[in-house]
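# Analysis of the macromolecular model
Below are the chains, spelled out letter by letter.
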Amino acid sequence: TKSRHPGTKSRHPSSSSSFARCPNPACGVAIEKVPPRRNPDGDLELVAERIPGTARWMSREALEHRACKLFRCGACGTDFCGDCDAMPYHVGFASCAAAAAAAAAPRC
């Protein structure tokens, strides 16, 4: 998709929601969104994991969000959220809003 403003990149390379654009300003390539794997019952194939750098386990909701929304750009290696474009992806949070609230919370 061509941008209406020269020198800027359109957020979506096509009208299809099966593509995203790498949010890294130095990259911006189109990335195909491949649906996560599901078992024969239609449930996501999830594996319990700990939040990196902590001893806490990720909630099922956080695992589901990551399975559906985590993307890695093949060109530059940037991990990002397909919903909010957070770089790197907000591991351990069940929603973009929860990650944004935690990032904005005062630190001791």
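The structure reproduced in this document is the subject of the present report. What you are looking at is a predicted structure, and each value in this text was computed from that prediction instead of being measured.

Basis of the calculations
- Residues numbered from 1 in each chain as written.
- Predicted model: local features only at pLDDT ≥ 70, side-chain atom pairs only at ≥ 80, totals over all residues.
- Heavy atoms only, no water.
- Helix = DSSP H or I, 4+ residues; strand = E, 2+ residues; numbered from the N terminus.
- Buried < 20%, exposed > 50% of the residue type's maximum accessible area, 1.4 Å probe, protein only.
- Contact = heavy atoms within 4.5 Å.
- Core = buried A, V, L, I, M, F, W, Y, C linked by side-chain atoms within 4.5 Å.
- Salt bridge = Lys/Arg side-chain N within 4 Å of Asp/Glu carboxyl O.
- Phe/Tyr/Trp six-rings, centres within 6.5 Å; stacked < 30°, edge-to-face > 60°.
- Lys, Arg positive; Asp, Glu negative; His and termini not counted.
- Polar contact = N/O pair within 3.5 Å; in protein donor to acceptor, adjacent residues only side chain to side chain.

## Concerning the overall build of the chain
When helices and strands are counted, the chain shows two helices and four strands. Listing every helix and strand of the chain by position from the N terminus yields β-β-α-β-β-α. Put simply, the chain has 108 residues, and 23% of those count as buried. Partitioning the intrachain contacts of the chain with sequence separation of at least 6 by distance along the chain shows that 31% fall at a separation of at least 24.

## Digging into the nonpolar core
Ala20, Cys22, Cys27, Ile31, Phe71, Cys73 and Phe80 form the largest nonpolar core, which has seven residues in total. Among all residues touching isoleucine 31, those that are not within four sequence positions of it are Ser18, Phe19, Ala20, Cys22, Cys73 and Phe80.

## Topic: the side chain of histidine 90
Counting through the fold element by element, histidine 90 comes out in the loop between strand 4 (79–81) and helix 2 (96–104). Among the residues examined, histidine 90 registers a relative accessible area of 9% and is labelled buried. Look past the residues within four positions of histidine 90 in its chain and what remains in contact with it is His65, Cys81, Cys84, Ser95, Cys96 and Ala99.

## Describing unusual backbone geometry
Backbone torsion omega between methionine 87 and proline 88 reads -10 degrees, so that peptide bond is classified as cis. Its location among the elements puts proline 88 in the loop between strand 4 and helix 2. Not every positive phi belongs to a glycine, and aspartate 85 is a case in point at roughly 65 degrees. Relative to the helices and strands, aspartate 85 is located in the loop between strand 4 and helix 2. Assessed through its relative accessible area of 24%, aspartate 85 is described here as partly exposed.

## Brief notes about the pattern of salt bridges
Counting across every chain of the model gives five salt bridges. Salt-bridge contacts for aspartate 79 lead to arginine 72; the nearest nitrogen and oxygen are separated by 2.6 Å.

## So, the packing of aromatic side chains
The final tally for this structure, using the stated rule, is one aromatic pair. When the centroid spacing of 5.9 Å and the interplanar angle of 35 degrees are considered together, the rings of phenylalanine 71 and phenylalanine 80 count as tilted. The two residues phenylalanine 71 and phenylalanine 80 agree in class, both being buried.

## Considering the side chain of arginine 21
Its location among the elements puts arginine 21 in strand 1 (residues 19–21). Comment: no salt bridge for buried arginine 21; closest opposite-charge side chain is aspartate 85, at 9.9 Å. A polar contact is formed between the side chain of arginine 21 and the backbone oxygen of glycine 28, at a distance of 2.8 Å.

## A closer look at the environment of glycine 92
With respect to the helices and strands, the residue glycine 92 is situated in the loop between strand 4 and helix 2. Taking the C-alpha atoms as reference points, glycine 92 and serine 59, 33 residues apart in sequence, are found 7.5 Å from one another. Contact partners of glycine 92, with chain neighbours within four places excluded, come to Ile51, Met58 and Ala62.

Worth remembering: the numbers are spatial, not functional.
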